[in-house]
Amino acid sequence: MENIEELSPLRITATVRALSSALRGKREHVHGTGRGKGDRMFPEPEKLWFKESSAKNLRNRDFLSPSTMLNTLYAGGKVPPAVMSRVLSLRGSGVLPVAGGEVMGEGLRLRVDRVASFRAVLAGGTTEYLKPSSQMEGCVVLNCPALHPKPNTPTPDTLSLGQLRTVLLANHIGTLFRRKGFEVYFCPTLPEDSDVATFLQALGIDWPTAPANWTNDEREEKIQKALENSPYREKGTERGRRTSGGGGRKAVEEENEGGLRINLKQVFQEEGLLGYDPTLGTCKVHRDSVSHLAQLDLSTADITGTMATVLHVTSCQDEFRQQQIAILWRASGATHSQRHLVCGPVKTPGSHLTAAQYLQ
């Protein structure tokens, strides 16, 4: 049995299913509970166990069965000794080894034997974790706003550590998606002779590049025309004076009065888009915005037969602007699903390092 477990990759999903079965007595009826309908009430294992992810809670638990679940399964939330023993001694193919557990006020918490888990992963079984899926599961476009021109291509000296983090994270996520069988694209395409492309290569990041004389003018013209013909375009100077909030709100008002504007709030309200900042209002369409949208259009151009999921990996300092870009793309006619991954700031007490300084 021990050899079989080592050959089977450890999985959180397999562990949750096994823990749920042990807690509910799916294969062995728990007498004296007065709750014979537990299985019918909670057919999904995810209802019974919660996998911890916060650093604070991971200090004392890896899995938690909330007290509300325990109260539903057992009178007074008291887990019978036989059930507790079965949970703590859980073993099986793909199941993480349990080091211990106890019932507390928040529920039944369990700790994984992390030493045994890492030992099992590293003891010759790593090939199972690195094996890609045999079947393609979809397409993902990883968009990194920090690398887009504003209006010039960024350099290592202009990238903040928070922005560098988003690039590193996007590269890592891309690797994970590929191992799962996804087709992965990165955005934007960088000039191959740019300092930032050379910088990323030094970090071991294979970001897409194009010749220095390459342009995306045709797609930019297409995006510009689509926005000009968008049903969400605002006409009239009295409405054009309103802008969405953000760092450059006043400057945008004064500089771009009367230009091409898109009513972002109307876009996400009418199309039922959730999770966007409610202060988004009217947005002036800048040249760098059109360039950003054209790069997204380029990244999704080769995807046929399926819809792509576009994941914007952005820093908190660029979050608001990226929401504007995402809705502008929608207003131009793009229908791909969009998600946002926002990274917190990187704090360096006493100094503000750039990406180039940090590498040195």
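The following refers to the structure shown.

Criteria and thresholds
- Residues numbered from 1 in each chain as written.
- Predicted model: local features only at pLDDT ≥ 70, side-chain atom pairs only at ≥ 80, totals over all residues.
- Heavy atoms only, no water.
- Helix = DSSP H or I, 4+ residues; strand = E, 2+ residues; numbered from the N terminus.
- Contact = heavy atoms within 4.5 Å.
- Areas by Shrake-Rupley, 256 points an atom, 1.4 Å probe, with all protein chains shown as cover.
- Pairing = 2+ DSSP bridges.
- Axes fitted to C-alpha atoms, helices over the stretch in contact; angles between N-to-C directions.
- Core = buried A, V, L, I, M, F, W, Y, C linked by side-chain atoms within 4.5 Å.
- Buried < 20%, exposed > 50% of the residue type's maximum accessible area, 1.4 Å probe, protein only.
- Left-handed = near helix turned anticlockwise from the far one by under 90°.
- Nonpolar A, V, L, I, M, F, W, Y, C, P; charged D, E, K, R; others polar.
- Patch = residues over 30% accessible without salt bridge, like charges linked within 9 Å, V, L, I, M, F, W, Y side chains within 5 Å.
- Salt bridge = Lys/Arg side-chain N within 4 Å of Asp/Glu carboxyl O.
- Lys, Arg positive; Asp, Glu negative; His and termini not counted.
- Charge placed at Lys NZ, Arg CZ, Asp CG, Glu CD.
- Right-handed = clockwise from strand over helix to strand, strands pointing away.
- Polar contact = N/O pair within 3.5 Å; in protein donor to acceptor, adjacent residues only side chain to side chain.

### Overview of the overall build of the protein chain
(1) Moving on: Broken down by element type, the protein chain carries 16 helices and 13 strands.
(2) Moving on: For the protein chain, contacts bridging at least 24 residues in sequence account for 72% of all contacts bridging at least 6.
(3) Moving on: As displayed, the protein chain has an accessible area near 19,800 Å², and 51% of this comes from carbon and sulfur atoms.

### A look at the sheet that holds strand β1 (residues 50–51)
(1) Moving on: Within the open sheet, the four strands sit side by side as β1-β2-β4-β3. Their pairing is antiparallel. At either end of the open sheet lies a strand with only one pairing partner, and these are β1 and β3 (98–104).
(2) Moving on: Here strand β2 (residues 63–66) runs beside strand β4 (residues 107–112); their pairing, made up of four bridges, is antiparallel. Directly across from Pro 66, in β4, lies its bridge partner Gly 107.
(3) Moving on: Strand contacts of helix α2 (residues 12–24): β1, β2 and β4, with the helix running at about 40° to β2, the strand carrying the most contacts.

### Points about the nonpolar core
(1) Moving on: In this structure, Leu 227, Ile 262 and Leu 293 are the most contacted members of the largest nonpolar core, which totals 32 residues.
(2) Moving on: When sequence neighbours within four positions are dropped, the list of residues in contact with Ile 262 reads Leu 227, Ser 230, Tyr 232, Arg 233, Val 267, Gly 281, Thr 282, Cys 283, Val 285, Leu 328 and Ala 331.

### Examining the packing of helix α14 (residues 287–299) against helix α15 (residues 319–331)
(1) Moving on: At a closest axis distance of 10 Å, the pairing of α14 and α15 adopts a crossing angle of 65°. For the pair α14 and α15, the crossing hand works out as right-handed. In contact with Asp 288, Ser 289, His 292, Leu 293, Leu 296 and Asp 297 of α14, α15 contributes Arg 321, Gln 322, Ile 325, Leu 328 and Trp 329.
(2) Moving on: A class-by-class count of the residues in the contact of α14 with α15 yields five nonpolar, three polar and three charged.

### Some thoughts on a negative patch on the surface
(1) Moving on: On the surface, Asp 157, Glu 192, Asp 193 and Asp 195 cluster together into a negatively charged patch.
(2) Moving on: Tracing the chain through its elements places Glu 192 in the loop between β7 (190–191) and α9 (195–202).
(3) Moving on: Exposure remark for Glu 192: the relative accessible area of 44% places this residue in the partly exposed category.

### Focus on the pairing of strand β5 (residues 139–143)
(1) Moving on: With five of its five residues buried, β5 lies for the most part within the structure.
(2) Moving on: On β5, burial covers both faces: Cys 139, Val 141 and Asn 143 on one face and Val 140 and Leu 142 on the other are all buried.
(3) Moving on: Judged from the five bridges that link them, β5 and strand β6 (residues 183–187) form a sheet pairing that is parallel. Residue pairing for β6: Val 141 is matched across the bridge by Tyr 185.
(4) Moving on: Traced from β5 through helix α8 (residues 161–179) to β6, the parallel crossover comes out right-handed.
(5) Moving on: Judged from the five bridges that link them, β5 and strand β12 (residues 308–315) form a sheet pairing that is parallel. Opposite Val 141, over in β12, you have Val 310 as the bridge partner.

### Some thoughts on the sheet that holds strand β9 (residues 233–234)
(1) Moving on: What the three strands build is an open sheet, ordered β9-β10-β11; its pairing is antiparallel. The outermost strands of the open sheet, each flanked by one partner alone, are β9 and β11 (282–284).
(2) Moving on: Bridge analysis of β9 against strand β10 (residues 261–263) gives two bridges, and the strand direction is antiparallel. Following the sheet pairing, Glu 234 is matched in β10 by Arg 261.

### A word on unusual backbone geometry
(1) Moving on: Note that the residue after Lys 150, namely Pro 151, is joined by a cis bond; omega there is -5°.
(2) Moving on: Mapped onto the elements, Pro 151 comes out in the loop between β5 and α8.
(3) Moving on: Cys 187 connects to Pro 188 through a cis peptide bond whose omega is 5°.
(4) Moving on: With respect to the helices, strands and loops of the structure, Pro 188 is situated in the loop between β6 and β7.

### Some remarks on the side chain of Asn 143
(1) Moving on: Residue placement: Asn 143 occurs in strand β5.
(2) Moving on: With a relative accessible area of 0%, Asn 143 lands in the buried category.
(3) Moving on: Within the local environment of Asn 143, its side chain forms a polar contact with the side chain of His 312, the two groups lying 2.9 Å apart.
(4) Moving on: Excluding residues within four positions of it along the chain, Asn 143 makes contact with His 148, Cys 187, Pro 188, His 292, Leu 296, Val 310, Leu 311, His 312, Val 313 and Gln 322.

### A closer look at the pairing of β3
(1) Moving on: Sheet topology places β3 next to β4; six bridges connect them, and they run antiparallel. Looking across to β4, one finds that Val 98 is bridged to Val 112.
(2) Moving on: As consecutive antiparallel partners, β3 and β4 are separated by two residues.

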